Amino acid sequence: MKRTVRRAFPLFVLPTLVAFIVGFIIPFVMGVYLSFHKFTVVTNTKFVGFGNYVKMMGDQSFVHSLWYTVLFTIVSVITINVFAFIIALFLCKVFKGAKLFRTIFFMPNLIGGIVLGYIWQIILNGILAHWNITLQYDAKYGFWGLIILMNWQQIGYMMIIYIAGIMSVPTELLESAMIDGAGSFERLKSVVIPILRPSITICTFLTLTNGFKLFDQNLALTGGEPAKSSEMLALNIYNTFYGRVGWQGVGQAKAVIFTIIVAAIAFIQLYATRSKEEQM
Amino acid sequence: MKKKLVSVLLCGAMAMTMFAGCGMKSSSGSGSSAAKSSKSGKVYYLNFKPEAEEAWQDLAKKYTKETGTEVKVVTAASGTYEQQLTSEMAKSDAPTLFQVNGPVGLNNWKDYCDDMSGSELYKHMKKGTESFTLTDGDKVMGIAYAIETYGIIYNKTLFDKYTKTSGAVVKSADEINSFDTLKKVADDIQSKKSDLGIDGAFSVAGMDGSSDWRFKTHLANLPIYYEYQKEGETSTEAIKGEYLDQYKQIWDLYITDSTCDPKLLSSKTIDDANGEFSTGKAVFYQNGTWAVGDVAGDGKLKEDELGMLPIYIGAEGEENQGLCTGSENYWCVNTKASDADKQATYDFLNWVVTSDAGRDALANTMGFVTPFDTFTGDYETKNPLVKIANEYVANGKTPVSWNFATIPSEEWKNNLGSALTSYAAGTGDWKAVTKAFVDGWATEYAATHE
C-alpha cells in the first residue's frame, strides 16, 4: 500500500509544483531579472546593473516604511493573537449561542481589504471629528487605526484556528491535571498551551506575513498620508513603481528586497516555533 | 485529524485569495471573430475614461458592422490607466491605440508612439489647434481629442442674491477681475453666510484622493504658468517658485472662506464638494467643464445657473487672464503594432471624427470639445461651461494653458498635496509647501531624467 502511494508521488506533487512554478518561481526570477533593468514595459528592458539598488538605498521613504512596517507587524501580531486566543477560550465554553458568536467573529474576514479600509476610514474619521481632526492628521492615528482594522478583520480567523486547537485537547488530560490539583491557570499554561503549539505556529506565521504584506487596507485607510509617514512597505513599492517615470526598476528592486525579508522572517519564525513543538 | 482539516482549510483560503481581486472589464466588437479579420488588421483601444466606456463599446460595434474590422475596446478602472497600459503593452496582442496625458506621459511611452503627422486625423485638426498635439521634433506623437477648461464655477442665483445684500462689494460677477476683488467678495459672502443660507463661500477644498488633484495639479498650474510666462519657458528643470506667494493667497482663501474646518480637509471627497455646490450650500467651486453632470441636472442646479470665473491668484496683468484650457487626453498609435493594425487604427480614428455616429458619440454622448474641423452644427458642444469658456476667448481674454503636464512626476504632485493638507490642518507650515514645490521639482526632475 505504502509503496503504491510512494510511486504515485509525482502525480500528487505535480499540480502544486506547477502552480508554485507559475505563481512564484517564474515571477520571482523575472522580478530579480527586472530589478537590474530600466524598463517601462516588461518585455523591453535595458540593463543598468545595480543602479536601481543604489537609488533604492538613497530613498529615505523606503527606510521609513520599513521601520513603520516592522513596528506595525510587532504590535499587530501581539494584539491579534492575544485577543484571538482569549476569545477562542471563551467561545469554547459550552453556552447557548457560542456557535453563533463564532460565526459572527469570523465574518469580518470575508470582507475585502479595500472595502474594509474605506469603511473604517469613515467610522474612524467620524469619531475623530469630535476633536476636529482626521486619520491623516498624524501618522499615529493612521497607525492605530490600521491596528484596530487589522484586529477586527483577523481576530475571527485566528480564533477559529485556536478553537480547533483547543477542541482537540483531550479531556482526560485536563481531568487528570485537575485531580493533580492544577488550577485553571496552570491547566491553561501547562496543558492547553503546549498542545496548542501547532496552532500558535500557524497563527503567528499568518499574522506576521499578513502584517508585512499589508497593502489594501493601508492604501484605503490613509494612503500613506500625511506625507508618506503612514506608508507601509508594499504601498511604498507600489508608489515607487508608478510615482515616477523610469522608476519601475527601482520599485522592482524594492520588491525583491521585500520578498527576501518576508521569506527570511517567515522561515526564522517557522523554524523557531517548530523546534519548540518538537521539544514536547 | 483536526490539524489536517485546519491546514486544508488554510490552503483553500490562501488559494481563494490568490484568485480574488483580478477582474478587468473587457469586451470586443460583436460579430467578429479574431480569425475572420486577422488579415485586414485589428484595432485595440485602451480607453482612459470609464465614464465613456459604453459609448466606445457602441462605436466599436457600429464600426465593425460597417466595415468588418474588428475593434476591441478595453477600459482601465479609474486611476489605473498607467498600470493597465504597462501590462497590456507587454502582451503580444498589445493595444494599437492608447492615450498619454501630456509631455511627461509621452516621455514614458515615446518608444511606442507612431508619427501621426501623415494621418487623416491630423489633417482634420483646425487651424490654431497645433498646441493640442504632442510633438517630438518634427514628429506628431499624440493628438488631443478632448479639450477641457477649468476655473472657479459659481452659482449665479446665489451670486445675484448676494449682490442685492446691503454693502455688497460688487454689483455683478463681471466686476471680479483680480484676486483682490475676488477675496473681498468671498470674505463678504462668508460673513453673510447665514443671511444667504449657505455654509460658506467656497465649497470644501477636499484633499482626499478623489479631489486633491484640483489643488496639487490644477491650482498649482497657475503659479507654474505665470513663471513660464515671465521666464519665457515652456518647461523647466528647476522651478523658482516666483508665484508661490500668490499660490498661498488663493489656497488661504479657499480654506478660510470655506464650508469646512481646514483641519478636516484630508477626509473630504469630491462628492462632498459636488454635494455642497449642487445643493446651493456654497457659491464658488473650483472645477472644470467635465463637472457639469455632477452639479447640474435633476435635483441639482439648472444649467443656466452656472457661471465660471478665471482663477485669479494676484499675478500682474491678470485682468486679461481667461480660464485654464488644455487637454490631458492624447491619442497615440502604437508604432510597434503591425502595419495592417496601424492602418486599421488610423482608418478607425478617421471614421470616428468624420462619420455621423462617431461625431455624435464624441460630441453629444461623451460631451467632448474636440480640435477637429468636422465638428460643426449639430456636433458643436452643448456644455454650458464650454460656452462660457468660448465667450472668454471671444472677449479677448488669454486662456491659461495647462502647464501641469510638465510637472516632472506623480510623486511631485503627491508630495505637494501632502504639504498643502498639513499646512491647512496646522501641522505643517508653508515652508514645507515651498520645499515640495521648488526643491521637489528639482529632485523629481533629476530622478526622472538621467
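None of the values given here were measured: they were computed from a predicted structure.

## Points about the overall build of chain B
Scanning chain B from N- to C-terminus turns up 18 helices and 13 strands. Relative to the 2.2 N^0.38 estimate, which gives 22 Å for 450 residues, the radius of gyration of chain B is 24 Å and therefore close to what a compact globule would have. Summarising its shape, the C-alpha atoms of chain B cover approximately 75 × 75 × 50 Å along the three principal directions. Classification of the 450 residues of chain B by burial places 56% in the buried group.

## Let's talk about the overall build of chain A
Counting secondary structure elements, chain A contains 12 helices and two strands. For chain A, the spread of C-alpha atoms along the principal axes amounts to about 70 × 65 × 30 Å. Within the span of chain A, comprising 280 residues, buried residues form 45% of the whole. Look at the contacts in chain A between residues 6 or more apart in sequence, and 69% of them connect residues 24 or more apart. Carbon together with sulfur atoms contributes 73% to the accessible area of chain A, which is approximately 15100 Å² in total. Between the averaged position of the 21 positive side-chain charges in chain A and that of its 11 negative side-chain charges there is a distance of 9 Å.

## Considering the domain arrangement of chain A
Residue and element names in this part refer to chain A. As assigned here, chain A comprises domain 1 (2–34) and domain 2 (54–279). A separation of 28 Å is found between the C-alpha centroids of domain 1 and domain 2. Counting residues at the interface gives four residues for domain 1, matched by four residues for domain 2. Here domain 1 and domain 2 share an interface that buries about 330 Å² over both sides, 80% of which is from carbon and sulfur atoms. Per-residue buried area on domain 1 facing domain 2 is highest for F28, G31 and L34; these three make up 79% of the total on that side. The tally of links from domain 1 across to domain 2 stands at zero salt bridges. Between the two partners, domain 1 and domain 2, sit zero residue pairs in polar contact (both at pLDDT 80 or more). Of the residues contributing to the side of domain 1 that touches domain 2, the split by class is three nonpolar, one polar and no charged.

## Re the packing of helix α7 (residues 139–167) of chain A against helix α9 (residues 184–213) of chain A
All names here are of chain A. Packing of α7 against α9 leaves a shortest axis separation of 9 Å and a crossing angle of 160°. Compared by their axis directions, α7 and α9 come out roughly antiparallel. In the packing of α7 onto α9, the handedness of the crossing is right-handed. Facing α7, whose interface residues are Q154, Y157, M158, I161, Y162, G165 and I166, α9 presents V192, L196, S199, I200, I202, C203, L206, T207 and N210. Across the contact of α7 with α9, the residue classes break down as 11 nonpolar, five polar and no charged.

## A few points about the domain arrangement of chain B
Often, the extent of an interface is quoted as the loss of accessible area on bringing the components together. Residues and elements named next belong to chain B. In terms of domains, chain B is made up of domain 1 (40–147 + 327–375) and domain 2 (150–324 + 398–448). On a C-alpha basis, the centres of domain 1 and domain 2 stand 31 Å from each other. Contacts between the two partners involve six residues from domain 1 and, on the opposite side, six residues from domain 2. Inspection of the domain 1/domain 2 interface yields zero salt bridges. Linking domain 1 with domain 2 are zero residue pairs in polar contact (both at pLDDT 80 or more). For the side of domain 1 that touches domain 2, the class distribution of residues is two nonpolar, three polar and one charged.

## Topic: the interface of chain A and chain B
With 34 residues of chain A in contact, the opposing surface of chain B contributes 34 residues. Between chain A and chain B lies a buried interface of about 3000 Å² when both sides are counted; carbon and sulfur atoms form 56% of it. Residue A:K228 is joined to B:E411 by a salt bridge in which the shortest nitrogen-to-oxygen separation is 2.7 Å. Our count for the chain A to chain B interface comes out at four residue pairs in polar contact (both at pLDDT 80 or more).

## Some words on the pattern of salt bridges
Residue and element names in this part refer to chain B. Taken as a whole and judged by the stated rule, the model has 14 salt bridges over all chains. Here D212 makes a salt bridge to K216, at a shortest N to O gap of 3.1 Å. With a relative accessible area of 9%, K216 lands in the buried category. Through salt bridges that share partners, D114, D339 and K342 make up one connected network.

## Section: the packing of aromatic side chains
All chains considered together, the criterion is met by 49 aromatic pairs over all chains. Note on A:F85 and A:Y162: the rings are 5.3 Å apart at their centroids and 85° apart in plane angle, and the pair reads as edge-to-face. With A:F85 in helix α4 (residues 60–92) and A:Y162 in helix α7, this pair connects stretches of sequence that are 77 residues apart. Judged by relative accessible area, which is 3%, A:Y162 ranks as buried. Taking the centre distance of 5.0 Å and the plane angle of 35° together, the rings of B:W402 and B:F404 count as tilted. Owing to a relative accessible area of 3%, B:F404 belongs among the buried residues under this scheme.

## Concerning the environment of B:M116
Residues and elements named next belong to chain B. Position of M116 among the secondary structure elements: in the loop between α4 (103–109) and α5 (120–123). In this structure M116 comes out as buried when scored by relative accessible area, which is 0%. With 27 residues separating them in the primary sequence, M116 and I143 have C-alpha atoms 8.0 Å apart. For M116, the contacting residues outside a window of four places in its chain are L121, Y122, V140, M141, G142, I143, W331, C332, V333, Y346 and L349.

## Focus on helix α11 (residues 244–256) of chain B
Given 3.6 residues per helical turn, the α-helix brings residues three or four places apart onto the same face. When the terminal C-alpha atoms of α11(B) are compared, their 18 Å separation across 13 residues agrees well with the 18 Å that a helix rising 1.5 Å per residue should span. Taken together, the buried positions of α11(B) are B:L244, B:Q246, B:Y247, B:I250, B:W251, B:D252, B:L253, B:Y254 and B:I255.

## Considering the state of the cysteines
Enumeration over the complete set of coordinates arrives at zero disulfides over all chains. Here B:C113 is not disulfide-linked; the sulfur of B:C332 is the nearest cysteine sulfur, at 3.7 Å.

## Brief notes about the environment of A:H64
Residue and element names in this part refer to chain A. Within the secondary structure, H64 sits in helix α4. You can call H64 partly exposed: its relative accessible area is 35%. As a C-alpha pair, H64 and M232 span 168 residues in sequence and 8.5 Å in three-dimensional space. Apart from the residues within four sequence positions on either side, H64 is in contact with K228 and S229.

## Things to note about the nonpolar core
Side chains that are nonpolar tend, in soluble globular proteins, to be buried together. Residue and element names in this part refer to chain B. Core analysis: the biggest nonpolar cluster contains 82 residues, and F159, I189, Y247, W251, F284 and F437 have the highest contact counts within it. Considering every element that reaches this core, the biggest residue donor is α11, with seven residues. Ignoring anything within four residues of it in the chain, the contact list for W251 reads A205, M207, F215, L219, L265, L420, Y423, A424 and W430. Grouped together as the second largest cluster of nonpolar side chains are 57 residues, A60, A76, C113 and M125 included.

Rules and cut-offs
Residues numbered from 1 in each chain as written. Chains lettered and ligands numbered in written order. Predicted model: local features only at pLDDT ≥ 70, side-chain atom pairs only at ≥ 80, totals over all residues. Heavy atoms only, no water. Helix = DSSP H or I, 4+ residues; strand = E, 2+ residues; numbered from the N terminus. Rg over C-alpha atoms; globule rule 2.2 N^0.38 Å. Buried < 20%, exposed > 50% of the residue type's maximum accessible area, 1.4 Å probe, protein only. Contact = heavy atoms within 4.5 Å. Areas by Shrake-Rupley, 256 points an atom, 1.4 Å probe, with all protein chains shown as cover. Lys, Arg positive; Asp, Glu negative; His and termini not counted. Charge placed at Lys NZ, Arg CZ, Asp CG, Glu CD. Domains from an automatic or database assignment. Buried area = accessible area lost by both parts, 1.4 Å probe. Salt bridge = Lys/Arg side-chain N within 4 Å of Asp/Glu carboxyl O. Polar contact = N/O pair within 3.5 Å; in protein donor to acceptor, adjacent residues only side chain to side chain. Nonpolar A, V, L, I, M, F, W, Y, C, P; charged D, E, K, R; others polar. Axes fitted to C-alpha atoms, helices over the stretch in contact; angles between N-to-C directions. Parallel < 35°, antiparallel > 145°, perpendicular 65-115°, else oblique. Left-handed = near helix turned anticlockwise from the far one by under 90°. Phe/Tyr/Trp six-rings, centres within 6.5 Å; stacked < 30°, edge-to-face > 60°. Expected span 1.5 Å × (residues − 1). Disulfide = S-S within 2.5 Å. Core = buried A, V, L, I, M, F, W, Y, C linked by side-chain atoms within 4.5 Å.

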